[in-house]
Amino acid sequence: MIDIHSHVIPNVDDGSTSLDASIKLLKEAIHEGVTDLICTPHYRKQMFETEVEKLKIQFSLLVNEAKKNNLPINLYLGQEIYLRRPNALKEYFENNKIITINETNWLLLEFSYTKDIDISEVIYNAKINGYNSIIAHIERYQYVTLEQAFEIKKIGALIQVNASSINGKYGFFIKRKVLKFIKNGLVDFVASDIHESRDNGMAKAYNKVVKKFGQEVASKLFKENGKILIKR
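Residues numbered from 1 in each chain as written. Predicted model: local features only at pLDDT ≥ 70, side-chain atom pairs only at ≥ 80, totals over all residues. Heavy atoms only, no water.

**Focus: the sheet that holds strand S1 (residues 2–3)**
Taken in spatial order, the 3 strands line up as S1-S2-S4 in an open sheet, and their pairing is parallel. Strands with a single pairing partner mark the edges of an open sheet, and in this sheet they are S1 and strand S4 (74–77). Sheet topology places strand S2 (residues 36–39) next to S4; 4 bridges connect them, and they run parallel. In the sheet register, leucine 37 faces S4, and the bridge partner there is leucine 75. (Pairing = 2+ DSSP bridges. Helix = DSSP H or I, 4+ residues; strand = E, 2+ residues; numbered from the N terminus.)

If you want it as structure tokens, here you go:
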């Protein structure tokens, strides 16, 4: 599996408090069947503002420790970028606050769960500046309807959902919503969004998707679609 959304780099956000904890998260991911993991620490103004240089240093530290432990997993660096304003991306890039996924032109974008923001405008602004958007855990945004998700896809963004949502961690309504999105062909990636304080759940979610939607759909969401982000 290719997991495109995780918080496993130590001491850069709320994902991992130590290198030992990070290695434990990597071992858990391997046990779940993950072969390639994109590390996406938070960038959120006034909350998580780790400098890009420190991100790269901590990422290298993790890569080296994984090699020392002979862990069979490939690691890549990205970010999960929280946006309050549709036009904030340009400012963040100009000030060297954020990075793309694995040095591609893809961005993983996060929004408020409850406060409505025009996601379509964000995607458009990203596109005119040369970036493609992946919307993180879209099922958790209360204001995003099925119709809005179709619009998001229509203008060129891709959609990621969390394995934990499929597994029912966030309750019946979010589980029903995420399954409806998958049924309508709106979802491109299932990812763990793993933190030290959370279970991984990728294998369980994969089996649920196979059972409900078939092997071909599961393969695309957990494996094939992620290849666009790890090949350069």
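**Observations regarding a positive patch on the surface**
On the surface, a cluster of positive charge is contributed by Arg176, Lys180, Lys183 and Lys212. For the positive patch, the leading source of residues is helix H7 (residues 172–183), giving 3 residues. As for its position among the elements, lysine 183 is in helix H7. (Patch = residues over 30% accessible without salt bridge, like charges linked within 9 Å, V, L, I, M, F, W, Y side chains within 5 Å. Areas by Shrake-Rupley, 256 points an atom, 1.4 Å probe, with all protein chains shown as cover. Salt bridge = Lys/Arg side-chain N within 4 Å of Asp/Glu carboxyl O. Lys, Arg positive; Asp, Glu negative; His and termini not counted. Charge placed at Lys NZ, Arg CZ, Asp CG, Glu CD.)

**Focus: the side chain of histidine 7**
Inspection of the secondary structure assignment puts histidine 7 in the loop between S1 and helix H1 (19–32). A distance of 3.2 Å separates the side chain of histidine 7 from the side chain of histidine 5, its partner in a polar contact. A polar side-chain atom of histidine 7 sits 2.9 Å from a polar atom in the side chain of glutamate 80. Apart from residues lying up to four places away in sequence, histidine 7 is in contact with Asp13, Gly15, Ser16, Leu25, Thr40, Pro41, His42, Glu80, Asp193, Ile194 and His195. (Polar contact = N/O pair within 3.5 Å; in protein donor to acceptor, adjacent residues only side chain to side chain. Contact = heavy atoms within 4.5 Å.)

**Some details on the packing of aromatic side chains**
If you walk through the whole model with that rule in mind, you get 7 aromatic pairs. Each ring, one from tyrosine 141 and one from tyrosine 143, has its centre 6.1 Å from the other, and the planes form 15°; the classification is stacked. Summarising the burial analysis for this pair, tyrosine 141 and tyrosine 143 share the class buried. Ring geometry for tyrosine 206 against phenylalanine 222: centres 5.2 Å apart, planes inclined by 85°, an arrangement best described as edge-to-face. You can see tyrosine 206 sitting in helix H8 (residues 202–213) and its partner phenylalanine 222 sitting in helix H9 (residues 215–224), a full 16 residues away along the chain. Taken as a pair, tyrosine 206 and phenylalanine 222 share a single burial class, namely buried. Three or more aromatic residues joined by ring pairs form one cluster here, namely Phe111, Tyr113, Tyr141 and Tyr143. (Phe/Tyr/Trp six-rings, centres within 6.5 Å; stacked < 30°, edge-to-face > 60°. Buried < 20%, exposed > 50% of the residue type's maximum accessible area, 1.4 Å probe, protein only.)

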